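# Structural features, examined
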Amino acid sequence: MEIKNYDYIIIGAGPAGLAGAQYAARGGLKTLVLEGIASGGQVMQINELENYPGVFPAINGNEFIETMQKQAESFGAEIAHVQVSSIDKTNNLFVIKTKDIEYHSKCLCIATGAVHRNLEVPGEKEFTGRGVSYCAVCDGPFFRNKKIIVVGGGDSACSEAIYLSTISNDVSIVHRRDSFRAQKAVVDKMLEKGIKPVYDSVVKKINGSVKVESVTLENVKTGEQTDLLCDAVFVFTGMIPQTDLVDMLPKDEGGYIKTNEEMETLIPGLFATGDVRSKSFRQIVTAVSDGAIAANRAKEIINHK
């Protein structure tokens, strides 16, 4: 098997990975980004990115990632679209195996992100970006004074519903149980905002033509189905951090990798950045910050070896 050597390897070509690649390469590190499918991650679902500082007027996620990738490559970072099968550490070098090539690096960053837990119902995929969203901060302003439905019952769903209530006076939240799983203080605040709870119900279908027009709900106790008119469906049923390659690392209760402020994990030289990392706020801007911090620390480690 062919072996290739690098100073710094990043697994994942979303904002965290590409920002890290730019800073590492610009800092003089021989840098490689490995991505199994296509660059971008969740950003590719954004039709109009309007809240990233310095990017105005809004652009779509694809344009944003293309620019990030070109910028990283302009400083010398390499990007390879291969599937990583395993990670190991031998003699202070990280060994990253793929089908045909074994990559070695002095430092390694996990920037594999997290994926939304989907509803898996008809219409969800078709209307993603056209009324179906997984990010209230990103897409909420597009539905000002519109009919909004939030799906979920945990802290995230209730908190996002509270935020959406500042944009619209017509927000409903659909939950499969007869009480919310979120903290009582969060639920109380949500109900005080006039958000309408729809208990014991699940979304069976998202309907529309060009964009979302309604959802079909089913009562889990009676089996009765009803259609509820809406302009947007915000899904907050959980995230799944992509940590399969590093299951040995300590994680928080949500399954996210624990790091320190320098993005370092328990294993020396191994970093975690972006949505795969345990933190309180997940946005493109925070992912980019993570990537830059990790790259800077990797440079310090490598230059002092």
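Please refer to the structure placed before this passage.
Bear in mind that the values here come from a model prediction, so they are computed numbers and not experimental data.

Rules and cut-offs
Sequence order as written defines residue numbering, which begins from 1 separately in each chain. pLDDT decides what is reported in this predicted model: residues at 70 or higher carry local features, side-chain atom pairs at 80 or more are listed and counted, and totals for whole chains, interfaces and linings draw on all residues regardless. As a rule here, side-chain values come from all non-hydrogen atoms in the structure, and water together with hydrogens is ignored. Only runs of H or I of at least four residues qualify as helices and only runs of E of at least two qualify as strands under DSSP, and these elements are numbered from the N terminus. Burial status follows relative accessibility: with a 1.4 Å probe on protein chains alone, a residue under 20% of its type maximum counts as buried, one over 50% as exposed, and anything between as partly exposed. Should any heavy atoms of two residues lie within 4.5 Å, those residues are considered in contact. A 1.4 Å probe and the Shrake-Rupley method give the accessible areas. Residues count as covered only by the protein chains that appear here. Cavity and pocket criteria rest on a 1 Å grid covering protein atoms alone: a 1.4 Å probe that fits but cannot get out defines a cavity, protein on both sides within 12 Å along at least 5 of 7 lines defines an open pocket, and an atom within 4 Å of a point defines a lining residue. Grid points are joined across faces, edges and corners, and a volume is the space filled by probe spheres set on the points. All amino acids are sorted into three groups, where Ala, Val, Leu, Ile, Met, Phe, Trp, Tyr, Cys and Pro are nonpolar, Asp, Glu, Lys and Arg are charged, and the leftover types, Gly among them, are polar. Two aromatic rings, drawn from Phe, Tyr or Trp (for Trp, its six-membered ring), form a pair once their centres lie within 6.5 Å of each other, and the interplanar angle then sorts them: stacked below 30 degrees, edge-to-face above 60, tilted otherwise. A ring has a charge above it when a Lys NZ or an Arg CZ is no more than 6 Å from the ring centre and no more than 35 degrees off the ring normal. Whether two strands pair depends on DSSP finding at least two bridges between them. Convention adopted: a line fitted to C-alpha atoms gives each axis, helices being fitted over their contacting stretch, and angles between N-to-C directions are expressed from 0 to 180 degrees. Disulfide: a pair of cysteine sulfur atoms within 2.5 Å of each other.

### Here's the deal with the overall build of the protein
Looking only at helices and strands, the protein features six helices and 17 strands. The principal-axis extent of the C-alpha atoms belonging to the protein is close to 65 × 40 × 35 Å. Expressed as a percentage of the 305 residues in the protein, the buried residues total 50%. Sequence separation of 24 or more characterises 59% of the internal contacts of the protein that already satisfy a separation of 6 or more. With an accessible surface of roughly 15000 Å², the protein has 49% of that area assigned to carbon and sulfur atoms.

### Some remarks on the layout of surface pockets
Regions of empty space are outlined by a rolling probe, equal in size to a water molecule, passed over the atoms. Within this model, the second largest pocket holds a volume of roughly 320 Å³. Considering the residues around the second largest pocket, the lining is formed by 16 residues, among which Leu 119, Val 151, Arg 176, Val 202 and Thr 237 are closest to the centre. With three residues, strand E12 (residues 201-208) is the largest single contributor of residues to the lining of the second largest pocket. In terms of residue class, the lining of the second largest pocket is built from six nonpolar, six polar and four charged.

### Description of the packing of aromatic side chains
All told, the structure shown has six aromatic pairs when counted by the stated rule. On the numbers, 5.4 Å between centres and 55° between planes, the contact of Phe 180 with Tyr 199 is tilted. Of this pair, Phe 180 sits in the loop between strand E10 (171-174) and helix H5 (184-192) while Tyr 199 sits in the loop between strand E11 (196-198) and E12, placing them 19 residues apart in sequence. An aromatic cluster of three or more residues is present, and its members are Phe 143, Phe 234 and Phe 236. Here the basic side chain of Lys 30 rests over the ring of Tyr 6, its NZ or CZ set 4.8 Å away from the ring centre. The positively charged end of Arg 282 is found above the aromatic ring belonging to Tyr 256, 3.7 Å away from the centroid.

### Quick word on the sheet that holds E12
Taken in spatial order, the three strands of this open sheet run E12-E13-E14, and their pairing is antiparallel. The sheet is open, and its two edges are formed by E12 and strand E14 (225-229), each paired on a single side. The average angle at which neighbouring strand axes cross in this sheet is 30°, direction not considered.

### Focus: unusual backbone geometry
With omega at 0°, the peptide bond leading from Phe 56 into Pro 57 counts as cis. By the secondary structure assignment, Pro 57 is in the loop between strand E2 (31-34) and helix H2 (61-74). Of note in the backbone geometry, Asn 145 takes a positive phi value of approximately 60° without being a glycine. You can see Asn 145 is positioned in the loop between helix H3 (136-139) and strand E9 (148-151). Even without glycine at this site, Met 263 takes up a positive phi of about 70°. As for its placement among the helices and strands, Met 263 is situated in the loop between strand E16 (239-241) and strand E17 (270-272).

### Regarding the state of the cysteines
In the structure shown here, the tally under the stated rule is one disulfide. Covalent S-S linkage joins Cys 135 and Cys 138, the inter-sulfur distance amounting to 2.3 Å. One quick way to see it: the torsion about the S-S bond of Cys 135 and Cys 138 is about 65°, and its sign makes the bridge right-handed. The same class applies to Cys 135 as to Cys 138, namely buried. Cys 107 provides the cysteine sulfur closest to Cys 109, a residue in no disulfide bond, and the two sulfurs are 9.9 Å apart.

Shape descriptors only; they carry no functional weight alone.
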